[in-house]
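The chain contents come next:
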Amino acid sequence: MHGFILTAIQRFVTAGFGTVAWFSILEEAGLGSKEYANHLHYPDEEVLKIVGAASKATGLPPGQIVESFGTFVGKDLFEIFRPLIDPSWRTLEFLLHTEETIHQVVRSRNTQAKPPTLVFSRVDDRSVLLEYGSARQLCALGKGIIRGVADCYEEGVEIVDQACMLQGDEECKILVTRK
Ligand code: HEM
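Visitor: Give me the lowdown on helix α3 (residues 44-58), citing residues and values where you can.
Guide: Taking 1.5 Å as the rise per residue, α3 with 15 residues should run 21 Å; its terminal C-alpha atoms sit 21 Å apart, in good agreement. Considered for burial, the residues of α3 that qualify are Glu46, Val47, Ile50, Val51, Ala53, Ala54 and Ser55. At its buried positions, α3 is contacted by α1 (3-17), α2 (19-28) and α4 (62-80). Looking at the residues trailing α3, positive phi occurs at Gly59, about 80°.

Visitor: Tell me about the domain arrangement of the protein chain, and name the residues and values.
Guide: Each domain of the protein chain was delimited in the assignment, giving domain 1 (3-60) and domain 2 (67-178). The C-alpha-based centres of domain 1 and domain 2 are spaced at 23 Å. The interface is formed by 8 residues belonging to domain 1 together with 11 residues belonging to domain 2. Carbon and sulfur atoms supply 74% of the area that domain 1 and domain 2 bury against each other, a total of about 930 Å² over both sides. Of all residues in domain 1, Phe4, Phe12 and His41 give up the largest surface area on contact with domain 2, accounting jointly for 53% of the area buried on that side. Connecting domain 1 to domain 2 are 2 salt bridges.

Visitor: Please give an account of the packing of aromatic side chains that cites residues and values.
Guide: Within this structure, the stated rule accounts for 5 aromatic pairs. For the pair Phe78 and Phe94, a centre-to-centre distance of 5.6 Å together with 40° between the ring planes defines the contact as tilted. Placement of the pair is Phe78 in helix α4 and Phe94 in helix α5 (residues 91-109), with a sequence separation of 16 residues. Neither Phe78 nor Phe94 differs from the other in exposure class; each is buried. Within the aromatic cluster, the residues linked to one another by ring pairs are Phe12, Phe69 and Phe72.

Calculation notes
Residue indices begin from 1 for each chain and proceed along its sequence in written order. Local features in this predicted model are restricted to residues whose pLDDT is 70 or higher, and side-chain atom pairs enter the listing and the counts only when it is 80 or higher, whereas totals over whole chains, interfaces and linings include all residues. Side-chain metrics rest on all non-hydrogen atoms present in the structure, leaving aside hydrogens and water. Here a helix means four or more residues in a row that DSSP labels H or I, a strand means two or more in a row labelled E, and each is numbered from the N terminus. For a helix, the expected span equals 1.5 Å multiplied by the number of residues minus one. Here the term buried applies to any residue with accessible area under 20% of the maximum for its type, exposed to any over 50%, and partly exposed to those in between, with areas from a 1.4 Å probe on protein chains only. Here, residues are in contact when the closest pair of their heavy atoms is within 4.5 Å. Where each domain begins and ends is defined by an automated method or by a domain database. The term buried area means the drop in 1.4 Å probe accessible area that two parts suffer when joined, counted for both and summed. In the sections that follow, a salt bridge refers to a side-chain nitrogen of Lys or Arg positioned within 4 Å of a carboxyl oxygen of Asp or Glu. Ring pairs shown here join Phe, Tyr and Trp side chains whose ring centres sit within 6.5 Å, with only the six-membered ring taken for Trp; geometry is labelled stacked below 30 degrees between planes, edge-to-face above 60, and tilted in between.

The following block contains the structure:
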């Protein structure tokens, strides 16, 4: 996983629960006092271990933690990539362009980065459908990022799972409707 995601997890935990909580989560995850760097890549399992330890510490389900983190990091990613974002877009247009405007750029700038291939399609003027099929099965992260992006546009969105890999479906189908 891209180091930016790991350092963002650290900022997310530290902002919500403090530095001591971050180090005890790392300890509980069996990662000692590991330091993460934006320009490096780390095994996906480290993310899962950190989320598992955070879930144990807070009593919150892992999916809820990942989704909240997605909202947090989504706002950061939006700001960092603002130069690539067409000022005429709103939430749904942004989502429809994420694959070719953002994730492809991430891949070309860093050949080790493996963001998922996102297939967004327009359903009607208020809704888009996301088809997500990454082996990482991080649909909760995607839903959180979508909420973070909507927050940046000061728009509300309703997110409905029409299919989910975590429920045994082949891929996730996530309907996003602007309120
Ligand atoms: C400015 C916008 C965005 C940027 C800069 C961005 C960038 C990234 C980066 C760097 C990663 C890590 C890849 C790796 O570790 O190899 C990632 C992963 C991911 N992104 Fe994005 N992303 C953006 C928007 C979105 C949106 C709108 C979604 C909505 C579904 C999304 C869904 C995901 C998911 C689910 C992952 C986890 C990895 C996986 O599922 O395989 N991203 N993204």
